[in-house]
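Architecture at a glance
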Amino acid sequence: MYLLQFLMALVAGTSLGCAAASEVIRPEADTCTVLACGTPGRDGLPGRDGAKGEKGDQGTDTLQKQVDALENKILALQTQFNNYKNAVLLQGLKEGQKTFISTRQRDTYTSGKAQCVKAGGTLACPKNAAENSALQELALKDAMFAFIDVTDIQREGKFMYANGEPVSYTNWKEGEPNNAHGIEDCVLIVPEFGLWNDWNCDARELIICEF
Ligand SMILES: [Ca+2]
Ligand SMILES: [Ca+2]
């Protein structure tokens, strides 16, 4: 009987010993990684669609339409401008880099000069024979004397351009300049031969502008 109890106690002691041993190795079991212990699981299913976002701006379509409309407007204006330019050029003459446009109106030297500047040009001023011929042609059209931007206002007898430089080309009529009656400080082109005559600045003569 005592032997049986001893043996049972011994068996129980061994079990306790095993239990103690398994408790000692448990931490090792806890450090085991997923990779080492099994294959990874599959990816999950895609999630649901998110909530509808806020309304955005009108986008590039509207902007493109606005750009197209502006381009069409510019094209229309350009065509209109070219037509106008061609119509004006029909009244004028192109010589070298210059375009001479006749106002076909008489005015004083000072007022006519201002009129040309207001239009974005200057009073016509021939610097060579070809330019002089162009002005003569325009003057002939209306059979008028035409002022040119050459004067001796600054110093009597010394004819200069508007910028103060002395004239480098002249086409004086015989006997001119004569400063008749002491009041001729401006210059005009006589249409018949394109010759120059000094003249009263306050007279009203044809105004031709150059651009
Ligand atoms: Ca004079
Ligand atoms: Ca004269």
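Not measured: the values here are computed from a predicted model.

Observations regarding the overall build of the protein
Regarding its fold elements, the protein presents five helices and eight strands. Its helices and strands in sequence order give the protein the pattern α-α-α-β-β-α-β-α-β-β-β-β-β, from N to C terminus. Taking all 211 residues of the protein together, 21% fall into the buried category. Within the protein, contacts between residues at least 6 apart in sequence are counted, and of these 63% link residues at least 24 apart.

Re helix α4 (residues 109-118)
Within the sequence span of α4, burial applies to Tyr109, Gly112, Lys113 and Cys116. Summarising the axial view, the buried residues of α4 lie within an arc of 100°, below the 170-degree limit, and thus occupy one face. Facing away from the buried side of α4 by more than 90 degrees, the exposed set consists of Ser111 and Lys118. Among the structural elements, β2 (98-107), β3 (122-123), β4 (146-151), β6 (184-190) and β8 (205-210) are those in contact with the buried residues of α4. Of the residues one or two after α4, Gly120 is the one with positive phi, at around 95°.

With respect to the environment of Leu135
Residue placement: Leu135 occurs in helix α5 (residues 129-141). A count of 26 C-beta atoms within 10 Å places Leu135 in the buried class. Residues contacting Leu135, with those up to four places away along its chain left out, are Phe100, Ala124, Pro126, Ala146, Ile148, Ile189 and Ile208.

Quick look at the nonpolar core
Counting 27 residues, the largest nonpolar core has Leu135, Ala146, Ile148 and Ile208 as the members making the most contacts within it. Elements with a contribution of two residues or more to this core: β2, α4, α5, β4, β6, β7 (195-200) and β8.

Quick look at unusual backbone geometry
Going from Glu176 to Pro177, the amide bond is cis rather than trans, its omega being 0°. By secondary structure assignment, the location of Pro177 is in the loop between β5 (160-161) and β6. Phi is positive for Ala143, close to 50°, though the residue is something other than glycine. Here Ala143 is to be found in the loop between α5 and β4. Given 9 C-beta atoms within a 10 Å radius, Ala143 is considered exposed.

Details of the pairing of β7
Note: β6 against β7, six bridges, orientation antiparallel. Bridge pairing in β7 places Val187 opposite Asp198. Turn length for the β6-β7 hairpin, with the two strands adjacent in sequence and antiparallel, is four residues, and the turn residue Gly194 shows positive phi of about 70°.

Brief notes about the UniProt feature "coiled-coil region" (unreviewed entry) in the protein
Using the residue numbers shown here, the UniProt feature "coiled-coil region" (unreviewed entry) corresponds to residues 60-87. Annotation note: span residues 60-87, helix share 100%, strand share 0%, distance between end C-alpha atoms 40 Å.

Notes on helix α3 (residues 60-90)
Taking 1.5 Å of rise per residue, 31 residues should cover 45 Å, and α3 covers 45 Å from first to last C-alpha, within 8% of that figure. Within α3, only zero of the 31 residues are buried, which leaves it mostly out in the open.

Points about the pairing of strand β1 (residues 92-95)
Along any regular strand the residues' side chains alternate between the sheet's two faces. Bridging between β1 and β2 involves four bridges; their strand directions are antiparallel. Note on β2: the bridge partner recorded for Lys94 is Thr99. The turn linking β1 back onto β2 is made up of two residues, and Gly96 within it adopts a positive phi angle of 60°.

Each value, and the rule that gives it
- Residues numbered from 1 in each chain as written.
- Chains lettered and ligands numbered in written order.
- Predicted model: local features only at pLDDT ≥ 70, side-chain atom pairs only at ≥ 80, totals over all residues.
- Helix = DSSP H or I, 4+ residues; strand = E, 2+ residues; numbered from the N terminus.
- Buried ≥ 20, exposed ≤ 12 C-beta atoms within 10 Å, placed from the backbone.
- Contact = placed C-beta atoms within 7 Å.
- Arc of directions from axis to C-beta.
- Core = buried A, V, L, I, M, F, W, Y, C linked by C-beta atoms within 7 Å.
- Pairing = 2+ DSSP bridges.
- UniProt positions renumbered as here; feature names shortened; annotations may be inferred.
- Expected span 1.5 Å × (residues − 1).

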